[in-house]
Amino acid sequence: MTNKPNILLLYTGGTIGMIKDYKTNALKAFDFSQIIDKIPELQQLNCNIKSISFDEPIDSSNMNAKYYSDIVNIIENNYKKFDGFVVLTGSDTMSYTSSAISFMLENLQKPIIFTGSQLPIGDLRTDAKENLITSIEVASAKKNGVSVITEVCLYFEYKLYRANRTTKISSEQFEAFTSMNFPPLAESGVHLKFDDHLIEKSKNKDNKLIVRKKLVDEVVILKLFPGISRQVVESILNIPGLKGVVLETYGAGNAPNSGVFISLLKNAIDKGIKIINVTQCKSGNVIMGHYDTSLMLRDIGVINGRDITTESAIAKLMYLLDKKLSINDFKKYFEKSLRGELTDKYHF
Ligand code: ASP
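This report concerns the structure included in the present document. Not measured: the values here are computed from a predicted model.

Topic: helix α5 (residues 230-237)
Every buried residue of α5 is accounted for by Val233, Ile236 and Leu237. Relative to the axis of α5, the buried residues are bounded by an arc of 95 degrees and lie together on one face.

Take a look at the structure:
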């Protein structure tokens, strides 16, 4: 045994480990063991790396709650043996997946770093090497023997973000992600610089990791647009078994204030469906009651998503719905930060 940090690399799929099928010209997943062969530089890092892969790696478009719990199971089973985890997934749904994992793991004391790439690892101009190598460095980073990062993060193109604050913004640029409402936790230049005061500190170091594997997937994201019909809203809110809605509203949380629209939402809330108000804007937050067009939403019991991203809101909804909370508790827990996913207080 050495004193070097032990890092577990988990490959679930995605471009980073794909090759081109020259017959069809499409990218497809390949045997993960080749990833290590493709980057001999990994051996130079000051850590011990073990890798594990999904039996059948997936394109992240196929990600779902069952795969979330597979990821969480692997982390739980290896939690004691490793100092940090690097999870490779496709970038397309990485913000959703990493947000969900952040809620599923409570009292986390070790780093979990999600990364991937825009170009396959074998490509000459690939971004995969830097993303992977720096993610491993982040997962290995310790100060006075304690991990610098003790939360779920996403590393891409020289920036380390809190995962549940991120959104994929480009299918083309190497800088594929952003975190509009929260600054990066670290930037990688000549040096890897952590912004200590932004990093989520584990609240109680003696508390054991709590793993929650059950998520409720009877949820929907309803994005408003001018002219959305009553029939569409009504059909969505009447989906049998529906338990939660992330309602993507305009600006600071505004929506049509017509009687018809409001009564459709109110009927849904009266049936026990939780409705979360999230803004379609890329940055800023929901302020219910700021405009007349959000007053009614507040009055009928729509929950305030504040500055949470849609990706994080749907994950938090799926997570909290399993807890069978009273309406008041559900609202209380949704509107406050559980894993740094939203800003608790604003000064207006
Ligand atoms: N389609 C790929 C995926 O999300 C894209 C990527 O890996 O970046 O799995």
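And the narrative resumes.
Overview of the packing of helix α8 (residues 310-321) against helix α9 (residues 327-335)
Here α8 crosses α9 at 145 degrees, and the two axes come no closer than 11 Å. Crossing hand, α8 versus α9: right-handed. Contacts between α8 and α9 involve Ala313, Lys316, Leu317, Leu320 and Leu321 from the first element and Phe330, Tyr333 and Phe334 from the second. Residue composition of the contact of α8 with α9, by class: seven nonpolar, no polar and one charged.

Some thoughts on the packing of aromatic side chains
When we look at a pair of aromatic rings, we describe it by the centre distance and by the angle of the planes. With the rule as written, the count across this model stands at six aromatic pairs. Centroid distance Phe82 to Phe85: 6.2 Å. Interplanar angle 55 degrees. Geometry classified as tilted. Side by side, Phe82 and Phe85 carry an identical accessibility label, which is buried. Here Phe330 and Phe334 contribute two aromatic rings whose centre-to-centre distance is 6.2 Å and whose plane-to-plane angle is 25 degrees, an arrangement assigned as stacked. Of this pair, Phe330 and Phe334 are both found in helix α9, four residues apart, which corresponds to roughly one turn of the helix. Comparing Phe330 with Phe334, the two get one shared label, buried. Members of the aromatic cluster, joined through ring pairs, are Tyr79, Phe82 and Phe85. Geometry around Phe334 places Lys316 over its ring, the cationic atom sitting 4.9 Å from the centre. The residue whose ring lies beneath Lys332 is Tyr333, and the NZ or CZ to ring-centre distance is 5.1 Å.

Focus on the site of the ligand
Lining the immediate surroundings of the ligand are Gly14, Thr15, Asp59, Ser60, Gly90, Ser91, Asp92 and Ser117. Ser60 places a polar side-chain atom, nitrogen or oxygen, 2.5 Å from an oxygen atom of the ligand. Contacts to the ligand include Asp92, whose side-chain N or O atom sits 2.9 Å from a nitrogen atom. Relative to its unbound accessible surface of 260 Å², the ligand loses 89% to contact with the protein. Class assignment of the residues belonging to the shell around the ligand gives a composition of no nonpolar, six polar and two charged.

Considerations on the packing of helix α6 (residues 259-270) against helix α7 (residues 292-300)
Two elements in contact, α6 and α7, have axes separated by 10 Å at closest approach and are oriented at 20 degrees. Classified by the angle between their axes, α6 and α7 sit roughly parallel to one another. The element α6 and its partner α7 pack so that their crossing is right-handed. Counting all contacts with α6, which are made through Ile262, Leu265, Lys266 and Ile269, the residues of α7 involved are Met296, Leu297 and Ile300. Residue composition of the contact of α6 with α7, by class: six nonpolar, no polar and one charged.

Some words on the sheet that holds strand β10 (residues 152-156)
Two modes of strand pairing occur in sheets, parallel and antiparallel, and in both the strands are linked by backbone hydrogen bonds. Taken in spatial order, the eight strands make up an open sheet running β4-β1-β5-β7-β10-β11-β14-β15, and their pairing is mixed. The strands lining the two open edges of the sheet, one partner per strand, are β4 (48-53) and β15 (192-194). With strand direction ignored, the average angle separating the axes of adjacent strands in the sheet is 20 degrees. Against the sheet, helix α2 (residues 65-78) makes contact with β1 (6-11), β4, β5 (84-88) and β7 (112-115), and its axis sits at roughly 160 degrees relative to β1, the strand it touches most.

Some points on the sheet that holds strand β19 (residues 274-279)
As summarised here, the arrangement of the four strands in space is β17-β18-β19-β20, forming an open sheet in which the pairing is parallel. Strands at the two margins of the open sheet, each flanked by one partner only, are β17 (219-223) and β20 (303-304). When β17 meets strand β18 (residues 244-249), the two strands line up parallel, connected through five bridges. Bridged to Leu222 within β18 is Leu247.

Some thoughts on the pattern of salt bridges
Once the charged atoms of two side chains with opposite charge are near each other, the side chains can pair. Summed over all chains, the structure comprises 20 salt bridges. Among the ionic pairs, Arg165 bridges to Asp307, the shortest N-O distance being 3.2 Å. Of this pair, Arg165 sits in the loop between β11 (159-162) and β12 (167-168) while Asp307 sits in the loop between β20 and α8, and the two are 142 residues apart along the sequence. Comparing Arg165 with Asp307 shows no difference in burial state: the two are buried. Residue Arg298 pairs with Asp299 through a salt bridge whose shortest N-O separation is 3.7 Å. Each of Glu151, Arg162 and Glu200 takes part in one network of salt bridges that share partners.

Thresholds, definitions, all that
Residues numbered from 1 in each chain as written. Predicted model: local features only at pLDDT ≥ 70, side-chain atom pairs only at ≥ 80, totals over all residues. Heavy atoms only, no water. Buried < 20%, exposed > 50% of the residue type's maximum accessible area, 1.4 Å probe, protein only. Helix = DSSP H or I, 4+ residues; strand = E, 2+ residues; numbered from the N terminus. Arc of directions from axis to C-beta. Axes fitted to C-alpha atoms, helices over the stretch in contact; angles between N-to-C directions. Left-handed = near helix turned anticlockwise from the far one by under 90°. Contact = heavy atoms within 4.5 Å. Nonpolar A, V, L, I, M, F, W, Y, C, P; charged D, E, K, R; others polar. Phe/Tyr/Trp six-rings, centres within 6.5 Å; stacked < 30°, edge-to-face > 60°. Lys NZ or Arg CZ within 6 Å of the ring centre and 35° of its normal. Near = heavy atom within 4 Å. Polar contact = N/O pair within 3.5 Å; in protein donor to acceptor, adjacent residues only side chain to side chain. Areas by Shrake-Rupley, 256 points an atom, 1.4 Å probe, with all protein chains shown as cover. Parallel < 35°, antiparallel > 145°, perpendicular 65-115°, else oblique. Pairing = 2+ DSSP bridges. Salt bridge = Lys/Arg side-chain N within 4 Å of Asp/Glu carboxyl O.

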